[in-house]
Amino acid sequence: MGRLILSDLKKLMKCRTLWVCAVIGFLTGMSMTFLYDAAWNNMTDTANYQMVFSFLKTMGMDSDTSKQLLSQFPQEVFWQYINTLFSDGNLIIFIAIVISVYVGTEYNEGTFKNTLSRGFSRTSVYASKYISSVAAAAITIISYLFGGGIVAAIKFDFTTDVTNEQMIIMVLAYSCLYIALTAVFMFIAVISKKTGLAIALNIVIPIFVSLFVRILTFGFDWVQKAVQFWIFDTVTLVQTLYQNNDIYIAFIVSPIYLILFMVLGMILFKRQDIR
């Protein structure tokens, strides 16, 4: 098992898509920090804030939802920018692409078949591929945060408006959620087998479901609470959950999704006809 994991990690390091996405993620992180800063400076203007707030209300959003949406713009504090980048949808898309390409390539190049022919069990092959996928996700996350963090540090120094304990808890929550998200993305990639289809599904499914759920929140109050358990939304709500003393939700959601999709993925992988 150890040799298999080491082999997969070496293969991962040679994956061009990973490093291309890492560079693009780094540059995107820098760009998003500049954009968030410009948006925040614009939003701090009382007239602009009231105008946007009124517009959201005319679109059917209640006051609490509107305030929560507007609160997503980071304040001029280093930690708030790191926190916003952690929960940014762009980061999720980059991770989805990297994992889809990495796993899809295994099918396209017949690597899975070659590995299985060497006597490794399908369970160990799947587990090894998941571990290397987590490493790919980690590299993508670090690149994105590093790019945005450089700009934020230059503009705001290393300022923070939370305690070290709060910061550690939120970073742990994000880490657990992204580890579980990796299992979800890998499961979809294994179902798809093809890189292009995997990328499409890994991007479209979260967006479509989240959009559908958001629409339901306008008519059903209970959906507003249930959305916290949809992992793609849980990631964006970490700071809100902490402020509401509900951060435990992130630590409940993570193992549930991780175990569920790892088990489903292994069952599917064992039954696949791999060529």
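The notes below deal with the structure included here.

How each quantity is defined
Residues numbered from 1 in each chain as written. Predicted model: local features only at pLDDT ≥ 70, side-chain atom pairs only at ≥ 80, totals over all residues. Heavy atoms only, no water. Helix = DSSP H or I, 4+ residues; strand = E, 2+ residues; numbered from the N terminus. Contact = heavy atoms within 4.5 Å. Areas by Shrake-Rupley, 256 points an atom, 1.4 Å probe, with all protein chains shown as cover. Buried < 20%, exposed > 50% of the residue type's maximum accessible area, 1.4 Å probe, protein only. Salt bridge = Lys/Arg side-chain N within 4 Å of Asp/Glu carboxyl O. Phe/Tyr/Trp six-rings, centres within 6.5 Å; stacked < 30°, edge-to-face > 60°.

1. Structural notes on the overall build of the protein
Inference 1: Along the backbone of the protein there are 14 helices and zero strands.
Inference 2: Scanning the protein from its N terminus toward the C terminus, one meets helices and strands in the order α-α-α-α-α-α-α-α-α-α-α-α-α-α.
Inference 3: Excluding contacts between residues fewer than 6 apart, the proportion of contacts in the protein whose partners are at least 24 apart in sequence is 79%.
Inference 4: Accessible surface, the protein: about 13900 Å² in total, of which carbon and sulfur atoms supply 67%.

2. Some details on the side chain of Asp-8
Inference 1: Within the fold, Asp-8 resides in helix α1 (residues 2–13).
Inference 2: Given the relative accessible area of 3%, Asp-8 is considered buried.
Inference 3: Those residues in contact with Asp-8, other than ones at most four positions away along the chain, are Tyr-102, Ser-128, Lys-129 and Ser-132.

3. Some thoughts on the pattern of salt bridges
Inference 1: Under the definition given, this model contains four salt bridges.
Inference 2: The shortest N-O distance in the salt bridge between Asp-8 and Lys-129 comes to 2.9 Å. One end of the pair, Asp-8, is in helix α1; the other, Lys-129, is in helix α8 (residues 122–156), and 121 residues separate them in sequence. An identical accessibility class is assigned to Asp-8 and Lys-129; each is buried.
Inference 3: The residue Glu-106 makes a salt bridge to Lys-129 at a minimum N-O spacing of 2.9 Å. One end of the pair, Glu-106, is in helix α6 (residues 89–108); the other, Lys-129, is in helix α8, and 23 residues separate them in sequence. A single burial state applies to Glu-106 and to Lys-129, both of which are buried.
Inference 4: Salt bridges sharing partners connect three or more residues here, namely Asp-8, Lys-11, Glu-106 and Lys-129.

4. Some words on the environment of Ile-99
Inference 1: Assignment of secondary structure puts Ile-99 in helix α6.
Inference 2: Judged by relative accessible area, Ile-99 falls into the buried class, the value being 0%.
Inference 3: Taking the C-alpha atoms as reference points, Ile-99 and Ile-188, separated by 89 residues in sequence, lie 9.8 Å from one another.
Inference 4: With near-sequence residues (within four places) excluded, Ile-99 lies in contact with Gly-104, Ser-133, Thr-182, Phe-185 and Met-186.

5. Regarding the packing of aromatic side chains
Inference 1: Inspection of the entire model under this criterion finds twelve aromatic pairs.
Inference 2: When the ring of Tyr-107 is compared with that of Phe-112, the centres are 4.9 Å apart and the planes differ by 65°; the resulting orientation is edge-to-face.
Inference 3: On the accessibility criterion, Phe-112 (2% relative accessible area) is buried.
Inference 4: Ring geometry for Trp-230 and Phe-232: centres 5.1 Å apart, planes at 45°, overall tilted.
Inference 5: Here Trp-230 falls in the buried class, since its relative accessible area comes to 19%.
Inference 6: Among the residues examined, Phe-232 registers a relative accessible area of 7% and is labelled buried.
Inference 7: Here the aromatic cluster, defined as three or more aromatic residues joined through ring pairs, consists of Tyr-107, Phe-112, Tyr-126 and Phe-269.

6. Looking at the environment of Met-13
Inference 1: Turning to its location among the elements, Met-13 is positioned in helix α1.
Inference 2: Sequence separation between Met-13 and Ala-135 is 122 residues; the distance between their C-alpha atoms is 9.7 Å.
Inference 3: Excluding its chain neighbours within four sequence positions, the residues that come into contact with Met-13 are Leu-18, Trp-19 and Ile-139.

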